[in-house]
Amino acid sequence: MNDLPPSDLQRREDARFQQDVEQLIDSAERTRLHHMKVQRSRNLLSLFSGIVTVIAGAAGFGWFFLMQGQLMFGIAAMAAGIAPLILMKFWAAQPVKAYIRSHKTEFMPQMADLLGGLKFYPARGISRKIVSKTGVIPPHEIYKAEDCFMGKYKNVKVIFSEARLYKTKRDKEPVFDGIFVLLEIGDKMIEGHTILTADGALAKRAAPTLWRKFTPVNIQTANPSWNRFQIFSTKPESAELLVGEKFLKELAEAAEIFNDAPLSAALFAGKYIFIAIPYEEDMFEASNMHVPVTTKRHALQCKKEIEQLLEIIDVFDVYKAQVPGSVS
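Presented here is an overview of the structure given in this document. (Residues numbered from 1 in each chain as written. Predicted model: local features only at pLDDT ≥ 70, side-chain atom pairs only at ≥ 80, totals over all residues. Heavy atoms only, no water.)

## A short note on the pattern of salt bridges
On inspection of all chains with the given rule, the structure shows twelve salt bridges. Of the charged contacts in the structure, one is a salt bridge between Arg164 and Asp177, with a shortest N-O distance of 3.4 Å. Residue Arg164 is located in strand β3 (residues 156-166), and its partner Asp177 is located in strand β4 (residues 176-184); the two are separated by 13 residues in the primary sequence. Asp177 shares its class with Arg164; the two are buried. Between Glu250 and Lys249 there is a salt bridge, and its shortest N-O distance comes to 3.7 Å. Within this structure, Glu146, Glu162, Arg164 and Asp177 form a network of salt bridges that share partners. (Salt bridge = Lys/Arg side-chain N within 4 Å of Asp/Glu carboxyl O. Helix = DSSP H or I, 4+ residues; strand = E, 2+ residues; numbered from the N terminus. Buried < 20%, exposed > 50% of the residue type's maximum accessible area, 1.4 Å probe, protein only.)

## With respect to the packing of aromatic side chains
The tally for this structure, following the rule as stated, stands at nine aromatic pairs. A ring pair is formed by Phe64 and Phe73, whose centres lie 5.7 Å apart and whose planes are at 25°; its orientation type is stacked. A cation over an aromatic ring shows up here: Lys303 above the ring of Phe17, its NZ or CZ 5.6 Å from the ring centre. (Phe/Tyr/Trp six-rings, centres within 6.5 Å; stacked < 30°, edge-to-face > 60°. Lys NZ or Arg CZ within 6 Å of the ring centre and 35° of its normal.)

## Some thoughts on a nonpolar patch on the surface
Judged by side-chain polarity, Trp63, Phe65, Leu66, Met67, Leu71, Met72 and Ile75 come together as a nonpolar surface patch covering roughly 780 Å² of accessible area. The element contributing the most residues to the nonpolar patch is helix α1 (residues 14-67), with four residues. By the element assignment, Leu66 lies in helix α1. (Patch = residues over 30% accessible without salt bridge, like charges linked within 9 Å, V, L, I, M, F, W, Y side chains within 5 Å. Areas by Shrake-Rupley, 256 points an atom, 1.4 Å probe, with all protein chains shown as cover.)

## A look at the pairing of strand β9 (residues 272-278)
Among the seven residues in β9, six count as buried, and that is most of the element. Bridge count for β4 against β9 is seven bridges, and the pairing is antiparallel. Note that in β9 the partner of Leu183 across the bridge is Ile273. Bridging between strand β8 (residues 264-268) and β9 involves five bridges; their strand directions are antiparallel. Residue pairing across strands places Ala265 opposite Ile275, the latter belonging to β9. Between β8 and β9, which pair antiparallel in sequence order, lie three residues; one of them, Ala269, sits at a positive phi of approximately 55°. (Pairing = 2+ DSSP bridges.)

Structure (structure tokens):
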């Protein structure tokens, strides 16, 4: 987790955030309109040029084949007429690619900064080495991560990205499609390895095998909706101290924000909190270039999601005050 900004993430007032987002959307809309106009101009030129070259190619084919009896020359003339049409279509499509590229290199970094000072990396994610140690992800061969956000909050490093796991190289459908979140706490205060999951299928599959050395932990809360998680730990006594009602409440509320996703979390290696959130919606891709940018609602949702993740850090801030010097 490198390249983190030097200062902590800052929570922003909704009114100021909305104002800044509206300015960013106006800029994005101007960019969209520019690329759309360029594409339309190129499409018209491509269409006109294509008609001319195809007619010329057909005329050349007729001359060589019908008038001269030279079939190969006729085919060559037709190919020469079609080739510019193919090249022009490729040329006309470039503004769409430029628009998508600008979304990832200009718009999303600015959006990340508005979301409290985050840094955005289009093609990065949580280290495979860390992900493989969590104990909450399905078996897979291929791990793809993109649209990564990094930051720091209360001395806790924060990183989250879209992630997809594929069981084999041949599979087209992922066994996991969603978001990975990693919080790296500055002070080691997590004992053992504790897993929480609202995914009943995962618990049923992993408890007798992958988690066979883990002990079930029973933590009851005042709100039944917070009791959706099954808990397993190699240090059950420590887990009962760390995974209290406040932590379960924040996880349950995070699940609700992501369409009530059956999320799983792992607390391990003394300092890591990892959360896997099944969420198939592609959150950070560019919109259709021919549709006006309407990212304000989406930006507010991202802000809400990030702030909910920061609430989990706030919970551990309380624990650090209660249990100073806890180490693995």
